[in-house]
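Single-letter residue listing:
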Amino acid sequence: MATNGADDRNLPRLARIDPRQFDLLFSGCKLERYAAGQHLFVQEDASDRIYGVMSGTVEISLYSPGGQKLVANIELSRSLVGEIGALDGRPRTATAICLTACELVSLSRTQLFDRIEKNPPLARAMIELLCARLRWVSGELGDQAFFGIEARLAKRLVFLSGVMADSAGWIPISQSELGEFLGATRESVNKTLNDWRNRQMIAIKRGGLRITNIAALNHIAESQDDD
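In this text, all values refer to a predicted model and were calculated from it rather than measured experimentally.

### Focus on the side chain of Thr 95
Here is step 1: With respect to the helices and strands, Thr 95 occurs in strand β7 (residues 95-98).
Here is step 2: Within the local environment of Thr 95, its side chain forms a polar contact with the backbone nitrogen of Gln 43, the two atoms lying 2.9 Å apart.
Here is step 3: Those residues in contact with Thr 95 that lie beyond four places of it in its chain are His 39, Phe 41, Val 42, Gln 43, Glu 59, Ile 60, Ser 61 and Tyr 63.

Set out below in structure tokens:
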């Protein structure tokens, strides 16, 4: 996978714990296979399991009462999915769907607490993960408040290039899907992307795009909205 200058240390959005703790948490779990498009759970479902991603890509999304979608995150190999509901037992805060064919492992809520009680380092790992989640949410709120659409889009593209790009650097995502990541309209995303293509910062093809000037996008991502 091409990273275009990004690495896991620069990708705090991924819900990962130490690999040794991941293996300890899911030790002995049977591998589960899910097809692309299959849901793991839906927002407001009862929470009864935590999942570990072994391979594939899982999308985490929020839905408004009117059905408007906001993509909150993308989870990849060795990420955790559904830990919040599994820990507090309350309804799911988001919807999780497999974007690709996925291989997962999972634990029931009872099994999760049993393993945490028997292996105290897992409790610390889960606390650190929840803190990382909270920091990520705080950062997103700050971005929404202080940065305009261009800065937020640039930041998201740099992130996606690090986790989704193929060997040639192409990110398989549509402009509508980018809008769902930002809570923005397709039209505003399209206008910005076309401007960046004209400035030779990105290349666009049907169903995907590629960063060609990551330094320029990083500069935009750090620029606050002056309006």
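### Thoughts on the layout of surface pockets
Here is step 1: In this model, the largest pocket occupies a volume close to 670 Å³.
Here is step 2: In this structure, the largest pocket is lined by 30 residues; those nearest its centre are Ile 60, Leu 62, Ala 72, Trp 136 and Val 137.
Here is step 3: When contributions to the lining of the largest pocket are tallied by element, the ones reaching two or more residues are β4 (58-63), β5 (69-75), β6 (80-81), α2 (83-88), α4 (120-146), α5 (149-163) and α6 (175-182).
Here is step 4: Sorting elements by how many residues they give to the lining of the largest pocket places α4 first, with 7 residues.
Here is step 5: When its residues are assigned to classes, the lining of the largest pocket shows 15 nonpolar, 5 polar and 10 charged.

### Looking at the UniProt feature "domain: HTH crp-type" (unreviewed entry) in the chain
Here is step 1: Within this structure's numbering, the places UniProt gives as "domain: HTH crp-type" (unreviewed entry) are residues 147-215.
Here is step 2: With 55% helix and 14% strand, residues 147-215 has end C-alpha atoms that lie 18 Å from one another.

### Some words on the sheet that holds strand β10 (residues 202-205)
Here is step 1: Taken in spatial order, the 3 strands line up as β9-β11-β10 in an open sheet, and their pairing is antiparallel. Of all strands in the sheet, those bounded by a partner on one side alone are β9 (170-171) and β10.
Here is step 2: Along the sheet face, α5 touches β9 and β11 (208-211) and points at about 95° away from the line of β11.

### Details of the sheet that holds strand β2 (residues 39-41)
Note on sheets: strands pair through backbone hydrogen bonds, and any given pair is parallel or antiparallel.
Here is step 1: Here 4 strands make up an open sheet; going across it, the order is β2-β7-β4-β5 and the pairing antiparallel. On the outer flanks of this sheet lie β2 and β5, each paired with one strand and no other. Geometrically, the sheet is characterised by an average inter-axis angle of 30° between neighbouring strands, direction not taken into account.
Here is step 2: Examined bridge by bridge, β4 and β7 share 4 bridges and lie antiparallel to one another. The partner of Val 58 across the bridge, within β7, is Cys 98.

### Examining unusual backbone geometry
Here is step 1: Of note, Glu 44 is a non-glycine position whose phi angle comes to about 80°, a positive value.
Here is step 2: By the element assignment, Glu 44 lies in the loop between β2 and β3 (49-55).
Here is step 3: Of note, the phi angle at Arg 78 is positive, near 75°, even though the residue is not glycine.
Here is step 4: Take Arg 78: it is sitting in the loop between β5 and β6.

### Here's the deal with the pattern of salt bridges
Here is step 1: Considering all chains together, one arrives at 12 salt bridges under this definition.
Here is step 2: The residue Arg 78 makes a salt bridge to Asp 23 at a minimum N-O spacing of 2.7 Å. Residue Arg 78 is found in the loop between β5 and β6, and its partner Asp 23 is found in helix α1 (residues 19-25); the two are separated by 55 residues along the sequence.
Here is step 3: With a relative accessible area of 25%, Arg 78 lands in the partly exposed category.

### A short note on the environment of Asp 48
Here is step 1: You can see Asp 48 is positioned in the loop between β2 and β3.
Here is step 2: Along the primary structure Asp 48 and Thr 100 are separated by 52 residues, whereas in three dimensions their C-alpha atoms are 23 Å apart.
Here is step 3: Among residues more than four places away in sequence, those in contact with Asp 48 are Arg 92, Leu 107, Ser 108 and Arg 109.

### Brief notes about the pairing of β11
Here is step 1: In this sheet, β11 lies alongside β9 in antiparallel orientation, the contact comprising 2 bridges. From the neighbouring strand, Ile 171 faces β11, where its bridge partner is Leu 209.
Here is step 2: In this structure, β10 lies alongside β11, joined through 4 bridges in antiparallel fashion. Its bridge partner being in β11, Ile 202 is matched across the sheet by Ile 211.
Here is step 3: If you look at the hairpin formed by β10 and β11, you'll find 2 residues sitting between the two strands, and Gly 207 has a positive phi there, around 80°.

The rules behind these values
- Residues numbered from 1 in each chain as written.
- Predicted model: local features only at pLDDT ≥ 70, side-chain atom pairs only at ≥ 80, totals over all residues.
- Heavy atoms only, no water.
- Helix = DSSP H or I, 4+ residues; strand = E, 2+ residues; numbered from the N terminus.
- Polar contact = N/O pair within 3.5 Å; in protein donor to acceptor, adjacent residues only side chain to side chain.
- Contact = heavy atoms within 4.5 Å.
- 1 Å grid on protein atoms, 1.4 Å probe; cavity = no way out; pocket = protein on both sides within 12 Å on 5 of 7 lines; lining within 4 Å.
- Points joined across faces, edges and corners; volume = space filled by probe spheres on them.
- Nonpolar A, V, L, I, M, F, W, Y, C, P; charged D, E, K, R; others polar.
- UniProt positions renumbered as here; feature names shortened; annotations may be inferred.
- Pairing = 2+ DSSP bridges.
- Axes fitted to C-alpha atoms, helices over the stretch in contact; angles between N-to-C directions.
- Salt bridge = Lys/Arg side-chain N within 4 Å of Asp/Glu carboxyl O.
- Buried < 20%, exposed > 50% of the residue type's maximum accessible area, 1.4 Å probe, protein only.

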